[in-house]
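# What the coordinates show
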Amino acid sequence: MSRSDLPQYTWAGRFSEPTSELVARYTASVAFDCRMWRQDIRASLAHATMLARQGIISQDDLADIERGMAQITREIEAGEFVWSVDLEDVHFNIEKRLTALVGDAGKRLHTGRSRNDQVATDIRLYLREAIDAILALLARFQAALLELAEQEAATAMPGFTHLQVAQPVTFGHHLLAYFEMTRRDSERFAECRARTNRLPLGAAALAGTSYPIDRHLVAELLGFDEICANSLDAVADRDFAIEFCAAGSLLMMHLSRLAEELVLWMNPRFGFIRIADRFCTGSSIMPQKKNPDVPELARGKSGRVFGHLLALLTLMKGQPLAYNKDNQEDKEPLFDTVDTLTDTLRVFVELIPGITTEPANMRAALRQGYATATDLADYLTRRGLPFRDAHAVVGRAVRRAEELGVDLAQLPLAELQGFSPLIEDDVDRLLSIDGSLAARQHPGGTAPTQVLAAIDRARRTLAGALGPADG
Ligand code: ARG
């Protein structure tokens, strides 16, 4: 970013001295808001089109503005555009260049508009596109989850509570839990998009404008569903950005839990999965190490997104209506949230297909954990024993199995019958891991057939989001 010898602020008319270099740097946002240049130009063109149609500027002015903006677009794309800190932000930088290129028409562009409604419009356009990109990535992540879940629809693994082996589940079923979490994340982003997709332009600085503008035309040109209904609200609130960071925080929280599980599962003490080497790194000192850096970073990066949510809430809470310069601080947290979500999802889209399972280790953990104890209690209950008594009987059986160092299924039938005469030789089937899985035969249950049915339903909900190319 350059600083020209004398700042030439558009608003400098009533000032007797230029701002100091420190203040110029402190108040400037161009270093980060220049990423909204496409949105800024697009919104300006829609505004100019409306001004011309309403007879507020001439058709010649509009033609000049369009020509100038086309030139600026080329310059920015080619990396030739000179961004200046003295011109504060993306809006002034582009407007100044436009005026240099096309003269008075450039100066007429800002008729009936303020940077306050301009910036609010740019952010909404930017965020709308970012949400669409994130939704598309989320769908690809979910498709990868479903792919792996299908492969592992019948792979028995321990389900945990308190990180202690609880009951058998299938790995596919476990993965589908993340499909459901991220399905709600998608819903949240879609709802946030709907509230973001409203047009602030026309609010001008805060009170609206005395020109005969047509806000609905601008909304239509920019693809907004409706206009912001109140001019003060239009320029003052950034709740859509906060909402996005809240939805983003929930998504990161979900991805962080998955990341944590991947770290545990690939630890040799679990040994449930392997992650492709390209997602791991070694240690500079310990030659044997293979570290799960990628999931660890995903877990760690959730923290910065939660932080951005809190930053934006705090930014907003003390501001009197309408626009205050505080709002300029909305962009870095928002942009970093977009970047972090995008990168994290991209990484997961590639990482999920790189996961392979170790079914034998999962089964061994199930046996050691007496994961079918509840099945035995249910068996006794079906035979008339009150569940609480059944619970106590099975507790004693587990203690005995532990003494003998065997699994419940390995206790001799006679030994089991010593705990309850209700136990007969059909109990075997139940104490087997696959019998336990197959018994959970209802929607939302872990029986392999139910998992396959759930994958089928999930694929159908996903079909629209993926589009023909990825489908
Ligand atoms: N750079 C400013 C922002 O990001 C643009 C709006 C400034 N408006 C003003 N009156 N200072 O919010």
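On a predicted model such as this, the values are computed, not experimentally measured, just so you know.

Once that is clear, we can look at the overall build of the protein. Across its full length, the protein holds 20 helices and 6 strands. Computed over C-alpha atoms, the radius of gyration of the protein comes to 30 Å, more than 25% over the 23 Å expected from 2.2 N^0.38 for 471 residues, which places it beyond the range of a compact globule. Each of the three principal axes of the protein carries a C-alpha extent, and together these read 100 × 50 × 45 Å. Buried residues in the protein amount to 50% of all 471 residues.

So, on to the environment of Leu 98. Structurally, Leu 98 can be placed in helix H5 (residues 90–102). Its relative accessible area of 0% is what places Leu 98 among the buried residues. The spacing of Leu 98 and Phe 224 is 126 residues in sequence and 25 Å in space, taken between C-alpha atoms. Leave out the neighbours within four places in its chain, and Leu 98 touches Ile 65, Gly 68, Met 69, Ile 72, Gly 103, Gly 106 and Leu 109.

To continue, consider the state of the cysteines. Here the structure, examined in full by the defined rule, presents 0 disulfides. Cysteine Cys 228 shares no disulfide, and the gap to the nearest cysteine sulfur, in Cys 192, comes to 13 Å. Taking the relative accessible area as the measure of exposure, Cys 228 reaches 6% and is therefore buried. Cysteine Cys 245 is unpaired, with the sulfur of Cys 192 as its nearest cysteine sulfur at 8.8 Å.

Turning next to the packing of aromatic side chains. If you walk through the whole model with that rule in mind, you get 8 aromatic pairs. For the pair Phe 160 and Phe 270, a centre-to-centre distance of 5.9 Å together with 55° between the ring planes defines the contact as tilted. Of this pair, Phe 160 sits in strand S1 (residues 156–161) while Phe 270 sits in the loop between helix H11 (239–266) and strand S5 (273–275); the two residues are 110 residues apart in sequence, bridging distant segments of the chain. Judged by its relative accessible area of 26%, Phe 160 is partly exposed. Joined through ring pairs, the aromatic side chains of Phe 160, Phe 270 and Phe 272 make up one cluster.

The next subject is the site of the ligand. The environment of the ligand is made up of Ser 29, Asp 33, Asp 89, His 91, Arg 115, Asn 116, Val 119, Tyr 323, Gln 328 and Lys 331. In the model, a nitrogen atom of the ligand is placed 2.9 Å from a nitrogen or oxygen of the Asp 89 side chain. Contact with the protein chains removes 85% of the 340 Å² of surface that the ligand exposes when unbound. When residues of the shell around the ligand are assigned to their parent elements, the largest contribution, 3 residues, is made by helix H7 (residues 115–151).

Below, the discussion takes up unusual backbone geometry. The amide bond that connects Leu 321 to the next residue, Ala 322, takes the cis arrangement and shows omega of 5°. Positionally, Ala 322 belongs in the loop between helix H12 (293–317) and helix H13 (331–351). Phi angles above zero are rare outside glycine, and Glu 88 is one such case at about 65°. Looking at the element boundaries, Glu 88 is found in the loop between helix H4 (59–77) and H5. With a relative accessible area of 7%, Glu 88 lands in the buried category.

Structurally, Leu 313 is set in helix H12. Exposure remark for Leu 313: the relative accessible area of 42% places this residue in the partly exposed category. On a C-alpha basis, the gap between Leu 313 and Ala 364 in space is 48 Å, while along the polypeptide they are 51 residues apart.

Thresholds, definitions, all that
- Per chain, residues are indexed from 1 in the order of the written sequence.
- Local features in this predicted model are restricted to residues of pLDDT 70 or higher, and side-chain atom pairs are both shown and tallied only at a pLDDT of 80 or more, whereas totals for entire chains, interfaces and linings draw on every residue.
- No hydrogens and no water enter the side-chain calculation; it runs on all heavy atoms of the structure.
- Per the convention used, a helix needs a DSSP run of H or I reaching at least four residues, while a strand needs a run of E reaching at least two, with both numbered from the N terminus.
- Taken over C-alpha atoms, the radius of gyration is set against a globule rule of 2.2 Å times the number of residues to the power 0.38.
- Type-normalised accessible area, obtained with a 1.4 Å probe on protein chains alone, sets the label of each residue: buried when under 20%, exposed when over 50%, and partly exposed for intermediate values.
- Contacts are assigned to residue pairs with any non-hydrogen atoms lying within 4.5 Å of each other.
- In this description, a disulfide is simply a cysteine sulfur pair whose atoms lie within 2.5 Å.
- Paired rings are identified among Phe, Tyr and Trp, the last through its six-membered ring, by centres lying within 6.5 Å, and are further divided according to the angle between planes into stacked (under 30 degrees), edge-to-face (over 60) and tilted (the rest).
- Only heavy atoms are used to decide nearness, and a residue is near a molecule or strand if one of them lies within 4 Å of it.
- Two N or O atoms form a polar contact when they lie within 3.5 Å of each other; inside protein one atom must be a possible hydrogen donor and the other a possible acceptor, and for residues adjacent in sequence the pair counts only when both atoms belong to side chains.
- For accessible areas, the Shrake-Rupley method is used with a probe of radius 1.4 Å. Any residue's cover is judged against the shown protein chains and nothing else.

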